[in-house]
Amino acid sequence: MQRNRPPSPQTVNVLRALAADPARWRYGYDLGTQVNLKSGSLYPILVRLADRGLLETAWEPGVDSRPPRHLCRLTGAGRDFVAALAAARSERSATHPRHLLSEA
């Protein structure tokens, strides 16, 4: 069963970080550092996004003593999803300006 709830703030941060350069492959560790998430939070998010077809994933083979590394980047559907999130956010901010909310 697919859920229709909005993505968590952490998931949105991951998507935004990936959307900054959507064609670039990103290492999980570097992405986690950028969005300030530890691996126990980041990797489940990445797995869910990949399961939903929003991320493309690959493994970079290890070199010398370095272990293999996990890579990811947005798919076309992921780019569309991020664009839809941005459009929904700008629509909400246009109909509910922050200054009106703070005055209430």
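For every chain, the first residue of the written sequence is number 1, and numbering continues from 1 along that sequence. Per-residue local features of the predicted model are confined to residues with pLDDT of at least 70, and side-chain atom pairs are confined, for both listing and counting, to 80 or more; whole-chain, interface and lining totals are unaffected and use all residues. Hydrogens and water molecules were not included; the side-chain quantities draw on all heavy atoms of the structure.

Draft legend 1. Examining the overall build of the chain more closely. Only DSSP runs of H or I reaching four residues or more are called helices, and only runs of E reaching two or more are called strands; each is numbered from the N terminus. Assigned secondary structure in the chain consists of 5 helices and 3 strands. Each helix and strand of the chain, placed in order from N terminus to C terminus, yields the pattern α-β-α-α-β-β-α-α. The buried label goes to any residue with under 20% of its type's maximum accessible area, the exposed label to any with over 50%, and the partly exposed label to all in between, with areas taken from a 1.4 Å probe on protein chains only. Out of the 104 residues in the chain, the part that is buried amounts to 24%. Per-residue accessibility takes into account occlusion by the displayed protein chains alone, with areas from the Shrake-Rupley method and a 1.4 Å probe. For the chain, the accessible area works out to roughly 7,500 Å², and carbon and sulfur atoms hold 54% of it.

Draft legend 2. Molecular detail of the confidence of the model for the chain. The pLDDT averaged across the chain works out to 85; a share of 83% of its residues lies at or above 70. Per-residue confidence from the predictor is given as pLDDT, running between 0 and 100. In what follows, a contact means two residues having at least one pair of non-hydrogen atoms within 4.5 Å. Overall, residues 100-104 carries pLDDT values under 50, and its contacts beyond four positions in sequence, including any with other chains, amount to 1 contact.

Draft legend 3. The packing of helix α2 (residues 28-35) against helix α3 (residues 39-51), seen in detail. Lines are fitted to the C-alpha atoms to define the axes, a helix being fitted only along its stretch in contact, and any angle between axes, read from their N-to-C directions, falls within 0 to 180 degrees. With their axes 10 Å apart at the nearest point, α2 and α3 run at an angle of 115 degrees to one another. Between α2 and α3, the angle falls in the class roughly perpendicular. The two elements α2 and α3 cross, and the hand of that crossing is right-handed. The residues of α3 that touch α2, namely those facing Gly28, Tyr29, Leu31 and Gly32, are Leu42, Tyr43 and Leu46. Each residue gets one of three labels, nonpolar for Ala, Val, Leu, Ile, Met, Phe, Trp, Tyr, Cys and Pro, charged for Asp, Glu, Lys and Arg, and polar for the others, Gly among them. Counted by class, the contact of α2 with α3 contains 5 nonpolar, 2 polar and no charged residues. For classification purposes, an angle smaller than 35 degrees is called roughly parallel, one larger than 145 roughly antiparallel, one from 65 to 115 roughly perpendicular, and anything else oblique. Handedness of a crossing is defined here by the sense of rotation of the near helix relative to the far one, left-handed for an anticlockwise turn of less than a right angle and right-handed for a clockwise turn.

Draft legend 4. Representation of the side chain of Thr75 in the model. Examined against the element boundaries, Thr75 turns out to sit in the loop between β3 (69-74) and α4 (76-95). The exposure class of Thr75 is buried, given its relative accessible area of 18%. Those residues in contact with Thr75 that sit more than four places away from it in its chain are Gly53, Leu54, Leu55 and Glu56.

Draft legend 5. Structural context of α2. Burial in α2 covers these residues: Gly28, Leu31, Gly32 and Val35. Taken around the axis of α2, the buried residues stretch over an arc of 100 degrees, which confines them to a single face. Among the exposed residues of α2, those oriented more than 90 degrees off its buried face are Tyr29 and Thr33. In this context, the arc is that of the directions from the helix axis out to the C-beta atoms.

Draft legend 6. Molecular detail of the nonpolar core. One finds Val14, Leu18, Leu31, Leu46, Leu49 and Leu55 to be the most contacted residues of the largest nonpolar core, which totals 16 residues. Residue contacts for Leu49: discarding those within four places in its chain leaves Thr11, Val14, Leu15, Leu54 and Leu55. Definition of nonpolar core: a set of buried residues of the types Ala, Val, Leu, Ile, Met, Phe, Trp, Tyr and Cys, connected through side-chain atoms within 4.5 Å.

Draft legend 7. Spotlight on the sheet that holds strand β2 (residues 55-60). Only strands joined by at least two bridges in the DSSP assignment are considered to pair. An order of β1-β3-β2 is seen for the 3 strands of this open sheet, with the pairing classed as antiparallel. Each edge of the open sheet is held by one strand with a lone partner, namely β1 (26-27) and β2. Here 2 bridges tie β1 to β3, and the two strands are oriented antiparallel to one another. Note on β3: the bridge partner recorded for Arg26 is Cys72. Contacts between helix α1 (residues 9-19) and the sheet are confined to β1, β2 and β3, with β3 contributing the most and set at about 85 degrees to the helix.

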